Structure formats: C-alpha cells, structure tokens
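Results of the structural survey
These are the residues of each chain, in order.
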Amino acid sequence: MARLTSLDALPPTVQKPAYTPAAHGAGIVHIGFGAFHKAHQAVYTDEALAASGGDWRIIGVSLRSPEPAQELTPQGGLFTVIERSASGTQARVIGSVHSALCLSTDRGAVLNALVAPETRIVSLTVTEKGYGVNRSTGGIDPAHPAIKADLADPANPQGVAGLLVWALGQRRKQGTPPFTVLSCDNLPENGALTRSLMIDFARHTAPELIEYIATEVAFPSSMVDRITPARTDATLALVEELIDRHDAAAIECEAFRQWVIEDHFPTGRPYWEAGGAIFAPDITPYEAMKLRMLNGTHSMLAYAGFLCGHKYVRDVMADPELATLVERYLKAAAATLDPLDGVDFEVYARDLAERFRNTHLGHETYQIAMDGSEKMPQRVFAAALVALRRGQSLALFAFATAAWIRYTFGHGDDGSVYVLRDPRQAELAPNHDDQGVATAVDHVLGLPGLCPSELRTNIMWRSLVEDFVARMKSVGVAGAVKEAAR
Ligand code: CS2
C-alpha cells in the first residue's frame, strides 16, 4: 500500500487540511512530540491555520525517542488522527506539523529551532515527570536525571529546563525576543510551575537570566483534554482501511476535545479559537475541575480496575460495582470545587462517565496507572484536602489512595506480577504486602513531597486508607470494590 505523503486523491470521506500546509512556515517548537500532542494541539493548530493562516506550523521535538521523527519525516509531516465515538469514526489528515526532530539525533537542528526568531511559542507535553520540578518547593529537583545532567553541563542541555533556559540566554544575547512557554501537561498551574522551575534552574546556572525570565517571558497556563490511548497495530490497520494509505504516524483518540488557555502571548499565537479553544484570564478553576474530576476518577478506576483484571477503561465501566464507584467519585470530586460560571458539574460528570464508557477506544488501565507518584497529589490528595477542610466525606479519595497503595505491591490477587512504571519505583518497591498494612500506608504516604501533612496526619484519613487496604488484602480487590459500592 502507498504511504501517506500528500493530500492528493485521498478518499472523500477523509477530512483534509483546508489550507496548503507548505504555504505556512513554522512558529512553534513543541517538546514532547507524542500521541497526545498530535491529537490535541496539532489539531487545534490545523483549524487555526485553516481559519486565519499565519506561519504557525509546529516543529515537533522528542527528547529521546527517534521514532516519532522517523515515522513522520517520510510523510512530509502529514499524519492521520482518527476520532472515535458512538456517533462514528472520522479520519482526518493533519497538516500543521512542519517537521519532526529528535534531540538525541538532530541536536543542532533542535537548538537552531529554539533560537530562531521565527519560533514564537515553545509548547510542552513532557508528562508530569518530565519537568524535574520539586513540588514542595516549586524549584528544581536536583536528583531528577535531566536536571542533574544539565546542572553539570548547562551548555549542552538535555532536559526541558536546561534547553529552555539555554535557548532564552542565546536569544537574549542575539537580541531576539523571547518565546512564550506554553505548558500543556496535567499539572496544577502548569504555567506558573514551569516559570518557577526555570527561574530556579537559571539561579543555579545563569543568574543573569533570572530577572529576564521573570519579567520578559510569558508562561500562560492551560488546561488540556482529550483521551488518547497509546497507538496499537489495530490503529494503523484501521487507518489504512479509512485513508487507503499506509500511515506510520497515525494515532487514534476520542471525538471530544477541550483546551482552556490563559491569553498571555506577547509574541502572538495561532487563532486557536477556530478549533474551539477557550481563552480565560484565569484557568485554575477549569484545571481543578479537570484534574480532580477526570484525572482523579481515571486514576481511581485505573488502579482498582487493573487489579480487578480489567484491561480497558470501557471494561471497568461495564463492571456495575466499579461504575457505581466512578459515579460516586465524580460527585465527591465535584463537591470539592468552587462554582464555575457556565459549567454545570453534574453535566460534566455525566459526560465524563459517557466518555469513559466509549466502547470504540481501547484505553488501557495500565497506561493510566503509570507514574502514580506524579499524579496522585494534584488528582486525589488536592481534592481530599479540600474535602477534609470542608467537612465532606473522605471515603472515595481514601479508596482511590488505597487502590494505588495496593497497586504498589506489584502483583494482583492471583499473584500475577507487573512493573509499576513510576519514576519513584525504587522508593515504592520496598512496599510489599508481607509487612503490616499500617507500615505499607506509612511508607507510601510518608514519601517526601507526596501527601500534604495536614491530610497525612489526619486520623480519620489514615484509618480510612488503612481499612481499605486491609480489606483489599483480606477479601481481594474485587471483594473490597463490592463492599465499597454497597
Ligand atoms: C490519563 C490522562 O493517563 C492518564 O493519566 O488520566 O492521560 C487523560 O486521559 C487525559 O488527561 C485526558 O485529557
């Protein structure tokens, strides 16, 4: 089968860019060129280019993995997104990616792109663990591998903070205005967090840049949302069927998407409104809603569901007891939020449950279960802390926490073992179940920078978490789910 290399003669059912991609230059460097970026910001940018043009195509950069660039380069940047929902499957070819690079293999080209005056935005989807931020101080985590390497050799940067601080230094030297840094990761106040990370990194490596970064560089926060399962061979086969071409870079996702962004782009931006992006002066309420309701529920259902033997989120939703817990978790998380103009949390919760039920997506619980130590604080503990202060029930949050702690034992009730896939795996690993439940709970909740002390030292919280872990051990996770859903 012929490879996707041009927009010519694609089947009429395939949606194509409503503009000529090659007529637009690059204006964005995106770091973390994975499936989520392709399904989200690249689609919004595609629509912005169609609606109002501009030199805003994206140079996609992977920090380590050469595959994304190898897949995309022979296709001239074109790739397919298949959007799957109950109302059907739509294939669309995206033209907004200008080129793709890998830092380890195209180092010179990546550094050039970061200092090029044409680059006015650097956006990021490097996952929670990619930043190297110490969440309790907001500064750098000197033990993070990329931070460590970049502190030792700042002129030869490998990680996010190192690369961006180096590039801003070069731009300042050559009199080029700074780029805007746009974080698109599921972290609270992701703009402010990236800013404080970079200022602290500069403090250690280039103090002359502190003032410049603090006053001249914009770090808008953004809330991003689109469920994007890891690609499988089935994705590629379906794409071939739909577009009648081989596309090595295709991805699949749900039809829903949302993007709420702080409108602070001194060097300009694409007209992302064309794709439905919402610009708001303060996005933190949207972020809290998404992190606590979508992502918090996701983590709860991933740990409990995985340990009950459910491979996909849709299987979890087909299990009546887990579905009941999902519904209750959504309610409990919603109750921790302040009212948000124009948003009905009940409707949002109903829509989320519907999205989780999407039978057309194979979204693995094991994928969501990854990196729990990076996800639990903003998803579950932040909500639990508000619930504690407001005198609301802690039960669902304690259940989610217990399911995560049970997951850190590294084996299911049937003895099957799995790899945790967590950057703090070495610290979590001693947490096996032949020690007492109280010791296991202490060990995980006591890890530095994880569970806020107000929550950790609360006796009610502790005993709820311990009781759930104990039940999971004595009657099995499925048994504990059944009891909790009663
Ligand atoms: C998920 C998210 O893997 C995970 O942890 O909760 O990736 C989730 O699918 C996205 O945030 C949806 O926008």
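Not measured: the values here are computed from a predicted model.

Considering unusual backbone geometry
We note that Asp371 has phi near 60°; this positive angle belongs to a residue other than glycine. Within the secondary structure layout, Asp371 lies in the loop between helix H14 (365–369) and helix H15 (372–389). Of note in this structure, Arg421 is not a glycine but carries a positive phi near 55°. Within the fold, Arg421 resides in the loop between helix H16 (395–407) and helix H17 (425–428). Arg421 sits in the partly exposed class, given a relative accessible area of 30%.

Digging into the pattern of salt bridges
For the structure shown, the criterion picks out 26 salt bridges. Put simply, Glu321 and Lys482 hold a salt bridge, and the shortest N to O gap is 3.9 Å. Here Lys482 lies in helix H20 (residues 459–485) and Glu321 lies in helix H12 (residues 320–334), a separation of 161 residues in the sequence. Judged by relative accessible area, which is 45%, Lys482 ranks as partly exposed. Salt bridges here are not isolated pairs; linked through shared partners, they connect Asp46, Glu47, Glu83, Arg92, Arg226 and Arg257.

Thoughts on the packing of aromatic side chains
In this description, a pair of aromatic rings is defined by centroid distance and the angle of the planes. A complete count under the given rule lists eleven aromatic pairs for this structure. Relative to Trp272, the ring of Phe265 lies with its centre 5.9 Å away and its plane at 70°, an arrangement referred to as edge-to-face. Note on accessibility: Phe265 and Trp272 belong to one class, buried. Taken together, a centroid distance of 5.3 Å and an interplanar angle of 80° make the contact between Tyr329 and Phe397 edge-to-face. Of this pair, Tyr329 sits in helix H12 while Phe397 sits in helix H16, and the two are 68 residues apart along the sequence. Like Tyr329, the residue Phe397 is buried in the burial classification. Connected via pairs of aromatic rings, a cluster forms that spans Tyr303, Phe306, Tyr366, Tyr407 and Tyr418. Seen from the ring of Phe79, Lys38 lies directly overhead, with NZ or CZ sitting 5.3 Å from the centre.

Looking at the sheet that holds strand E8 (residues 222–225)
The sheet built from three strands is open, its strands ordered E8-E10-E11 with mixed pairing. The sheet terminates laterally at E8 and strand E11 (278–280), the two strands that pair on one side only. Between one strand axis and the next, the sheet turns through 20° on average, direction left out of account.

With respect to helix H4 (residues 107–115)
Three or more residues of H4 are buried, namely Val110, Leu111, Ala113, Leu114 and Val115. Residues of H4 that are buried in the fold lie against strand E1 (26–31), strand E2 (57–62), strand E5 (97–102), strand E6 (121–124) and helix H6 (160–174).

Remarks on the site of the ligand
The ligand sits among Asn186, Asp225, Arg226, Ile227, Lys290, Asn295, His298, His363, Ile368, Lys375 and Arg379. Interatomic distance of 2.6 Å between a side-chain N/O atom of Lys290 and an oxygen atom of the ligand. Within the side chain of His298, one N or O atom sits 2.7 Å away from an oxygen atom of the ligand. In the complex, 90% of the free accessible area of the ligand, which totals 340 Å², lies under the protein chains. Of all the elements, helix H10 (residues 284–307) adds the most residues to the shell around the ligand, at three residues. Among the residues forming the shell around the ligand, the class breakdown is two nonpolar, four polar and five charged.

Observations regarding the confidence of the model for the chain
Put simply, the chain has an average pLDDT of 97, and 100% of its residues get 70 or more. Within the chain, the lowest mean pLDDT, 93, falls on H17, and the highest, 99, falls on E6.

Here we look at the environment of Leu7
Along the chain, Leu7 turns up in the segment before E1. The contact partners of Leu7, leaving out residues within four places of it in the chain, are Lys16, Pro17, Pro21, Leu78 and Val93.

Conventions used here
Residues numbered from 1 in each chain as written. Predicted model: local features only at pLDDT ≥ 70, side-chain atom pairs only at ≥ 80, totals over all residues. Heavy atoms only, no water. Helix = DSSP H or I, 4+ residues; strand = E, 2+ residues; numbered from the N terminus. Buried < 20%, exposed > 50% of the residue type's maximum accessible area, 1.4 Å probe, protein only. Salt bridge = Lys/Arg side-chain N within 4 Å of Asp/Glu carboxyl O. Phe/Tyr/Trp six-rings, centres within 6.5 Å; stacked < 30°, edge-to-face > 60°. Lys NZ or Arg CZ within 6 Å of the ring centre and 35° of its normal. Pairing = 2+ DSSP bridges. Axes fitted to C-alpha atoms, helices over the stretch in contact; angles between N-to-C directions. Contact = heavy atoms within 4.5 Å. Near = heavy atom within 4 Å. Polar contact = N/O pair within 3.5 Å; in protein donor to acceptor, adjacent residues only side chain to side chain. Areas by Shrake-Rupley, 256 points an atom, 1.4 Å probe, with all protein chains shown as cover. Nonpolar A, V, L, I, M, F, W, Y, C, P; charged D, E, K, R; others polar. pLDDT = per-residue confidence, 0-100.

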